[in-house]
Structures are given as C-alpha cells and as structure tokens.
Amino acid sequence: MSLPQLHYTAVTSGDGVPAGRFTAVDPAIPGPVRAEAAPILAYDAPQDTPERLTDARLRALPVAFGFTALSDGSHLLSRTVATGAGGFHAHAIHLLPGTPIPGRVLPVAAWGAAGWLSASPDRMPSDPLTSMSTAHGPSRGITREGLGDFAVSRSPWLAAVLSDLRRVSEDPSAPPVVLVERQSADVARWVALAVAVLPREHAERLTFTTYTRHPGRASHQVIGVLPEDAPDTRDPRFRVHAAAGPRPSGPADDAWAGTAARIWRSRSPELFQEAADLPGEPFAAGPLAVTALGAGIALGSGERAAAADWAAERPYALDEKRTRQLTDALTAPADDRTAAECAAALRLLTALDGRCPAAVTAPLAALLVTEAVRGGDLDLEPPARSAFEEPAGERALAALVGELGDEVLAELAARAPRAVARTVQLLRIARLLGLDSADLLPGVVGRLAGALLADPEAGGCRALLDLLDEQFDVRTALLGELDRLAPDHAAGTEQLLLRVALPFTGTQALPHLRMCAEAPGAKARGTDRVAVLHTVLRAAGMSPFAEPLVLRTAVGLVWGEDTPTAVEARALLGETTSDAHRTAGTWSHLVDAALAAPSGDEDAAELAHELLRGFPQELGARARAGLMLLDFARELRSGTAEPGWTDRARTLRGRAEPAGLPAVEHAFGALAARLLAPGRPGDELYAFVHSDDEDLIAAYGGAARDEAVLALLRADPAYVADCFTVWNAHPHAGGAWSGTRTALLEEVLRPVVRALSPEDLAAVERAVESEGNSRTLEAFRAWNRPSRSLGRLGRRIAGRVRRG
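As the structure is a computational prediction, the values presented were derived from the model and not from experiment.

Enquirer: So, the overall build of the chain: which residues are in play, and what are the values?
Expert: Tallying secondary structure elements over the chain gives 38 helices and nine strands in all. The globule rule puts the C-alpha radius of gyration for 804 residues at 28 Å, and the 49 Å found for the chain is more than 25% above it. Here the C-alpha coordinates of the chain stretch approximately 150 × 95 × 40 Å along the principal axes. Sorting the 804 residues of the chain into buried and exposed places 48% on the buried side. Of the roughly 37,900 Å² that the chain leaves accessible, carbon and sulfur atoms contribute 51%. The average position of the 82 basic charges and that of the 101 acidic charges among the side chains of the chain differ by 6 Å.

Right, dumping it as structure tokens:
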C-alpha cells in the first residue's frame, strides 16, 4: 500500500515572479497539512545562481532533502530540486502520526531512492519508500563504504558533531546543529552517520534538511547550509560545524561521541548494533566503549574509563572471553591514562574479584599497582591481595616485586618532603608486595606524623584509616609518635583529631592524644579556661606530677597562642609545683602572664613574687628585671619596700626594657601612688623630684589625676596643703618636674581650691602655714588670688567676639 504523496512546483511567470502550486496531491492529505507543507517545500536557489543553466549546472545545485515534523504530529519526508527557468519541484510523502516507514527504514536512507520524481507525473505512481522496500539490486543511496570514507574525511569534526546531535536528540530546547557543506549529499551523509549511532527511537525522530538558505527559519534539528549562508559560529541559536573551516581545538568532552567517532573511523558500523544489544541507558558510553575495545579499536582514556565503569556495574553482562578482551585492552600500554580511568579500573577489578580467574584479574591488578607507584595519582588505592591468588596471580605479584620493590623502598627511605597520601599509598603497596620495610618504619612514621601535624587537612583521606586498620605495626608506631609530638604541637594534634577519628582506644596509654580528643568538647562546654584545663588533664589519665608533659599539652590546648591572665597563671602555679612547670616547660607561660598583665593588676605583682622564688635559675636577665619591677610594686603597696625607691625603679627599668614595658608601668604607677600618699618619706620624694626622669614624673602626673586623689583633695584640707607645698616647691629641679608641677597646680589643685567653701579654704590656709611657714601661706594666697588684669583682658576679648 502506497503512502500519501504530493507534488509542489514553482516556475517563474512572465513578469519574473515565481509562483508555487500543488500539481498532484493525494486526496488523503488534508488542506491544513498542504498549507503547512508549502513553505517547507519551497526552494531558494543559492546566491548568484543564473536564471538559465546547463543540465550539468542544474544537477549540481543542492538538493533539499528533509524530514520535517508538522504541527499535528505527522511528518513530511520530502525532496526538492531546482528546475529550469528558476523554478523547483518538490516531491513529498506524508506520514501520519505513529505511522512507521515501511520496513522501519530510517528517513535518511531514502536519499538515493529511485522513486523520487523531479517533475509532476500524469498519474500518481508508488511512493519512493514503498519502492525501496520492494526493490532489488544495489542501492543508489548512501552505502556503508561511502559512509566509512566520509567519516574518515571528517575525522576532526566527527566527535563534536555527534556530541551536538546527541544533545539535540535528548533536549528539544537545545540549539539545532548547522552543518556547513558545499554538497547537500554530504549533509545527508552526516545524518546517516548520526542515525547509525543514535538509539533507534531517537534516530527515527531526528528531523533534518540537507539544504536551506535561511537556517533561522528552519524547524529541523539538523540543518544543512552552503558556506555563504552559514551563521556565525558564536551565534547562540545554533551549533555550527564547518568542514571547510578550522578544525576543532581539543577532543570533545563526551565519551559516547568520542567512542562513536572512533568506531566510524575504524569503518565498523556493525558494532553500533552490537553495543545496542548490551544493557545500559540511551547514550551511555559504556556499551559502545566495551564493544569497541573488544573489537580491538583503540580508545582514549575517558572512553576506556566509561567501559570499565559500565562493566563494573554489570560484571555479569559479559562472558569470560569478552571480559578478558576488556581487561587486555585496559592493561595495554597507554600514554594518556588518567586518574579517572585508574579509579574505574579499580572498581572493575573489585567487581570481578572472585568472579573471574586470576589470569583475568591479575594483569588488571598489576596495572593498578604500577600506576599507583609511578602514575602520581595519590588517591589510587592498591588492589586487594585476593587479586593475586592462584598461580597466575602469584606470578604477576612476583614480577611486580622484581620491577617495583626497590623503587618503593627507596622512596619510603627518602627524607624529602612527601604528601601524607603518598606515604600512606607507599606503605600499603609495600605490604601488598610483601616488602620488608621494618627498618624503615620509624623514620617513615616520624615523617608521616610530622606531615599530619603540619597539615591536619591532609589526614582526612580515607586511605589513612584503611592503612591503620590493615597494619597494626604502623598504627602502633604512628599513634605513639603523634602522642610524643603532641606536647609541642597541641593545636595541630587537636585539629588532626577533629578531622580524623584515629583509633587510639586500644591498650596504648596515649595520654596526650586523649587530651587532644577531649579538648574541643571541653572548650565548647565552658568558658572558664582553668576549669577546661582540669577537664583536659583528667582525660590524660595521669597526674602532672607523674608526667609533667601532660601539663604542657594541656596549656597548649587551652591557651594556644594566647597568654594566660595573671589570675589564671597563679591558679596554674598554685595547683602544681614549680618542678612540674619546670619539667613541662610551661613556666615561661606563667612569666609571660605576669609581664603582659595590664597596669594595676595586683595578681600580676603577687605572681611575679612567686615566680622569682620558684624559678631562680630559669629566668633571663630581662624577664627577671620585669618580675622584680612587679615585685617592687607589690612591696610599695604593702609598705615593705627598702629605701631608694626611685633609683631602684630606674635601675630595674633599664634592665627590663624593652620587654618589660607593662611591668615598668606597674612599678612606676605604684611608686607614684606611694609618693602621692600622705606620710610618704621626704627623702624619697626629694630623690624622685630631682631625678628629672620624664617617664617616672609623667606617671606621677597621671596618678595625681586619679579619682582617688581628687576625692582626697576635696575631703582633706591637710592633703590640699601638702600637695600645694610639694607642687610649689623645687621649681628648678628640672624641666620634667617643672612642667608637671605647673600643670598639676593649674589643672588639678586650682579647680579643687576654687570650689572650696570659705570655711574649708580657711582650713587649707591654716594647714599650709602649719606645713610650711608664713611665707608659704603668702605664696598660697598669691597663687589663689584671681588676676584682675587677666580678667579685664578676658572681658575685652569676649566683648570683641560678641561684637564680631
């Protein structure tokens, strides 16, 4: 039964305007289909085509052969050719929705069908597709040999075109593929290459046209154009491929397309059907790659990885012969083997282990060991030992030992810096190969522990835990080394344990590791650092008196780079002996706490006194001087300081600078406060005033402005008199004292005196005279008497400002 056909023709009328009309139409084709088909069947000759052509030139014009989806779900298979006098003739077949082509022939196969007409017939003959299904003898269409030649000629573009055709088949919204060819027959060959590879359901639905002048108006998935009509390759509406243009740069990142391209270049299209018979999703690269490798076709690393992954997921899908072919192909020498391919090969080996004889699995295992040693992929795990069982596996293992054994041991013995993952990898390979590395183990483990503490993130690799689970001797040695290093690397060890759940729950004591594991939770539960210290120390399971180094670890965990406060340091010192801190080396943290304490922290002075008694041999000169300054401040406040305060403060400052600056502030502040107190020794005050020490006198000036001094001035007339006597005396003691005393008289004492009541002022005057004599009282009254001239001057200036 013939399919419905139609013929559509256009000729140029006498006025030069071409007009199209249907010349023969099957009555079964409805009018809306004809109306939609007319613009599809129309033909626009190439640019600059002359009106009158020879027969040869006419036959050389492109043919618009297409398979078009119509709006009602039906399809139109058509062939449009140019005719004389600027006209064209279109012959089309209408396929109702769901109606297959007879014999399920793919539409592009009708390119060379003998039944296509170039002129309207007197009567409607059988359609070309029916003619094809009943014809005998060689086809005038696209042959397998011709497609093989074409695929080889288009090798640089083949994978990229197939990748885009895959995309447009999977996603209806993907940009159409524009193929730029000088011959429309070559576009048909491109389509034939594609439909041979595409899954059947996609191949039957692929729409195309081999020629158009206006690709933007076409609704097809594949569009053929001449070079002069090609869109810009940067136009996002299309995926443009021009065989006459520059070759694509780099391979297509599509294992399916890459494998299909290699099969076509090998002229083996029968493999596409063989691959289609294997299980897998449409467009899966695995079946194609497995089939190609089994046929001896060389593939790239990405395609080989796809084959290994597919077979690993379906180890039952291939018989032993085809599995052996696959493993032989995967283990063949290759310069482009990637980490992804090796990982896929390991998954395949794991799936095949126990299913296949060692003669099949051992070469694959040997390849993975070799790649792990020499390939540079730190994440590649060595295969299981079971892959080398049976005589064939043992022979492969012995060959590996002879080839790689010395190389592995030499790298393990090298002292050069090495990544954690690489050390783990080498240790596992050494155990797999049965290499004797016992003599190397202490050095290897020492370097591994140091690398883990230097970069805790590196310990996050799963292979480290696998190594510790597999090799008891390595686990014992590594945990012991980490525990030994923890006191000096507490923070790094804590970070490591946050990332790696090290298995230290066995018989080893490992007090420092246990403390490091406990620290994050303890710090999260409380902010009292001394309490956190107690929690961490309890986790050690031993006392600082028995093992002082746990104290160093605990201090490092709790304070890290911070300095304890003076009160925290006093608690640390009081709870353990100085001997424990001396052995642990934590006494320096206590010294830092004292020297860094802010001025006025009385705990710092008490701590300094205890440190001077507890660590007489350990203190350096500057630290000792700083602590002595703090202790001197304690003595001044307690009233036990020996005479010679100023000289002592200045001498200790000279020894402590520059490290002891806060301690200097402590001592100078205490000395100033003592010299400002009632009843201070006169000789000490005299020595202070005449020292002309700017820092010391500045500390005095600052202390005199404290609220406690001001309150005493406001409450005690005798104290006012005493301060006036001191601050008014010794005008020539030096520049530092002269400036400070003048400022104190004007800025501190004068506001207090001016605010006194007459009765309090009289009491101050009596105290001044009692403190000194009548001349002192006269000086006080002169100092306290307002300056009239200055008042008149002030009023004059104020008046000018108001007038301004």
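Having seen it, we continue.
Enquirer: I'd like to hear about the pattern of salt bridges, residue by residue, with values.
Expert: Per the stated rule, a full pass over the model turns up 51 salt bridges. Between Asp 695 and Arg 653 there is a salt bridge, with the nearest N and O atoms lying 3.5 Å from each other. Residue Asp 695 is found in helix H32 (residues 694-703), and its partner Arg 653 is found in helix H29 (residues 645-656); the two are separated by 42 residues along the sequence. According to the relative accessible area criterion, Asp 695 is partly exposed, its value standing at 45%. Using a relative accessible area of 13% as the deciding quantity, one classes Arg 653 as buried.

Enquirer: Please set out unusual backbone geometry residue by residue, giving values where relevant.
Expert: With phi around 70°, Glu 390 is a residue other than glycine that occupies positive phi space. Turning to its location among the elements, Glu 390 is positioned in helix H15 (residues 390-413). If you check the backbone angles, His 730 has positive phi at about 55° while not being a glycine. Within the secondary structure layout, His 730 lies in the loop between helix H34 (717-727) and helix H35 (735-754). The class for His 730 is partly exposed, based on a relative accessible area of 29%.

Enquirer: Just give me the short version of the layout of surface pockets, but keep the residues and values in it.
Expert: What the largest pocket holds in volume is close to 890 Å³. When residues of the lining of the largest pocket are traced back to their parent elements, those giving at least two are helix H4 (144-153), helix H6 (184-197), helix H7 (200-205), helix H8 (255-265), helix H9 (270-276) and helix H10 (285-294). The residue inventory of the lining of the largest pocket, partitioned by class, reads 26 nonpolar, five polar and six charged.

Enquirer: Can you break down the nonpolar core residue by residue, with the values?
Expert: Judged by nonpolar contacts, the single largest core of 224 residues is most densely connected at Leu 627, Tyr 700, Leu 713 and Trp 727. Filtering out sequence-adjacent residues up to four positions away, Trp 727 remains in contact with Leu 676, Tyr 700, Ala 704, Trp 737, Arg 741, Leu 744, Leu 745, Val 748 and Leu 749. Counting residues in hydrophobic clusters, the runner-up holds 19 residues, among them Val 33, Leu 61, Ala 64 and Ala 92.

Enquirer: Lay out the side chain of Arg 475 with the relevant residues and their values.
Expert: Along the chain, Arg 475 falls in helix H19 (residues 472-485). Buried and without a salt bridge, Arg 475 has Asp 469 as its closest oppositely charged side chain, separated by 5.3 Å. Apart from the residues within four sequence positions on either side, Arg 475 is in contact with Leu 468, Asp 469 and Pro 503.

Enquirer: Give a description of H8 that names residues and reports values.
Expert: Of all eleven residues in H8, eight are buried; the element is thus mostly enclosed. If you check which residues of H8 are buried, you get Trp 256, Ala 257, Gly 258, Thr 259, Ala 260, Ala 261, Ile 263 and Trp 264. As for H8, its buried residues are in contact with H4, helix H5 (155-170), H6, H9, H10 and helix H11 (301-313). Between the side-chain oxygen at the start of H8 and the backbone nitrogen of Trp 256 there is a gap of 3.0 Å, and the oxygen is on Asp 254. Phi turns positive, to about 60°, at Arg 267, one or two residues after H8.

Enquirer: With reference to specific residues and values, describe the packing of aromatic side chains.
Expert: Geometrically, a pair of aromatic rings is defined through the distance of the ring centres and the angle of the planes. Enumeration according to the criterion identifies 18 aromatic pairs in this entry. Through a chain of ring-to-ring contacts, the aromatic side chains of Tyr 8, Phe 22, Tyr 43, Phe 88 and Tyr 211 assemble into a single cluster.

Enquirer: I'd love a proper account of helix H26 (residues 587-596), names of residues and values included.
Expert: Of all the positions in H26, only Trp 587, Leu 590, Val 591, Ala 593, Ala 594 and Leu 595 are classed as buried. In this fold, the buried residues of H26 make contact with helix H24 (566-575), helix H25 (578-584), helix H27 (602-614), helix H28 (621-638) and helix H30 (661-676).

Enquirer: Tell me what's going on with the state of the cysteines, and back it up with residues and numbers.
Expert: In total, this model carries zero disulfides according to the counting rule given. No disulfide involves Cys 356; its sulfur sits 20 Å from that of Cys 342, the nearest cysteine. By relative accessible area, Cys 356 is classed as buried at 17%.

Enquirer: Tell me about the pairing of strand E6 (residues 177-180), and name the residues and values.
Expert: Each regular strand carries side chains that alternate between the two faces of the sheet. Of the two faces of E6, the one lined by Val 177 and Leu 179 and the one lined by Val 178 and Val 180 are each fully buried. Pairing of E6 with strand E9 (residues 239-242), which is carried by four bridges, proceeds in the parallel orientation. What sits directly across from Val 177, in E9, is Arg 239.

Enquirer: Summarise the packing of H26 against H28; cite the residues concerned and give the values.
Expert: Direction vectors running N to C along H26 and H28 enclose 50°, while the axes themselves pass 10 Å from each other. Classified by the angle their axes make, H26 and H28 are oblique. Our pair here, H26 against H28, has a crossing hand that is left-handed. Counting all contacts with H26, which are made through Val 591, Ala 594 and Leu 595, the residues of H28 involved are Ala 623, Gly 626, Leu 627 and Leu 630. Classifying every residue of the contact of H26 with H28 by side-chain character gives six nonpolar, one polar and no charged.

Enquirer: Explain the confidence of the model for the chain to me, using residue names and the numbers behind them.
Expert: A low pLDDT means the predicted coordinates there should not be read in detail. Across the chain, the average pLDDT comes to 90, with 95% of residues at or above 70. Within the model, the stretch residues 789-795 combines pLDDT values under 50 with zero contacts to residues more than four positions away or in other chains. Counting interchain partners and residues more than four positions distant, the pLDDT-below-50 stretch residues 797-804 has zero contacts.

Enquirer: Requested: an account of the environment of Leu 572, with residues and values cited.
Expert: Its location among the elements puts Leu 572 in helix H24. Spatially, the C-alpha atom of Leu 572 lies 7.7 Å from that of Val 530, the residues being 42 residues apart in sequence. For Leu 572, the contacting residues outside a window of four places in its chain are Leu 533, Trp 559, His 581 and Leu 590.

Enquirer: For the side chain of Asp 693, give the residues involved together with the corresponding values.
Expert: Along the chain, the position of Asp 693 falls in the loop between helix H31 (682-689) and H32. Judged by relative accessible area, which is 5%, Asp 693 ranks as buried. Each residue touching Asp 693, except ones within four places of it in the same chain, is listed here: Arg 650, Arg 653 and Phe 668.

Enquirer: Run through the packing of helix H18 (residues 462-470) against H19, naming residues and quoting values.
Expert: The contact between H18 and H19 brings their axes to 5 Å, and the two run at 115°. In terms of orientation, H18 lies roughly perpendicular with respect to H19. Across from Leu 464, Leu 467, Leu 468, Asp 469 and Glu 470 in H18, the residues of H19 making contact are Phe 472, Val 474, Arg 475 and Leu 478. Considered class by class, the residues forming the contact of H18 with H19 number six nonpolar, no polar and three charged.

The rules behind these values
- Residues numbered from 1 in each chain as written.
- Predicted model: local features only at pLDDT ≥ 70, side-chain atom pairs only at ≥ 80, totals over all residues.
- Heavy atoms only, no water.
- Helix = DSSP H or I, 4+ residues; strand = E, 2+ residues; numbered from the N terminus.
- Rg over C-alpha atoms; globule rule 2.2 N^0.38 Å.
- Buried < 20%, exposed > 50% of the residue type's maximum accessible area, 1.4 Å probe, protein only.
- Areas by Shrake-Rupley, 256 points an atom, 1.4 Å probe, with all protein chains shown as cover.
- Lys, Arg positive; Asp, Glu negative; His and termini not counted.
- Charge placed at Lys NZ, Arg CZ, Asp CG, Glu CD.
- Salt bridge = Lys/Arg side-chain N within 4 Å of Asp/Glu carboxyl O.
- 1 Å grid on protein atoms, 1.4 Å probe; cavity = no way out; pocket = protein on both sides within 12 Å on 5 of 7 lines; lining within 4 Å.
- Points joined across faces, edges and corners; volume = space filled by probe spheres on them.
- Nonpolar A, V, L, I, M, F, W, Y, C, P; charged D, E, K, R; others polar.
- Core = buried A, V, L, I, M, F, W, Y, C linked by side-chain atoms within 4.5 Å.
- Contact = heavy atoms within 4.5 Å.
- Polar contact = N/O pair within 3.5 Å; in protein donor to acceptor, adjacent residues only side chain to side chain.
- Phe/Tyr/Trp six-rings, centres within 6.5 Å; stacked < 30°, edge-to-face > 60°.
- Disulfide = S-S within 2.5 Å.
- Pairing = 2+ DSSP bridges.
- Axes fitted to C-alpha atoms, helices over the stretch in contact; angles between N-to-C directions.
- Parallel < 35°, antiparallel > 145°, perpendicular 65-115°, else oblique.
- Left-handed = near helix turned anticlockwise from the far one by under 90°.
- pLDDT = per-residue confidence, 0-100.

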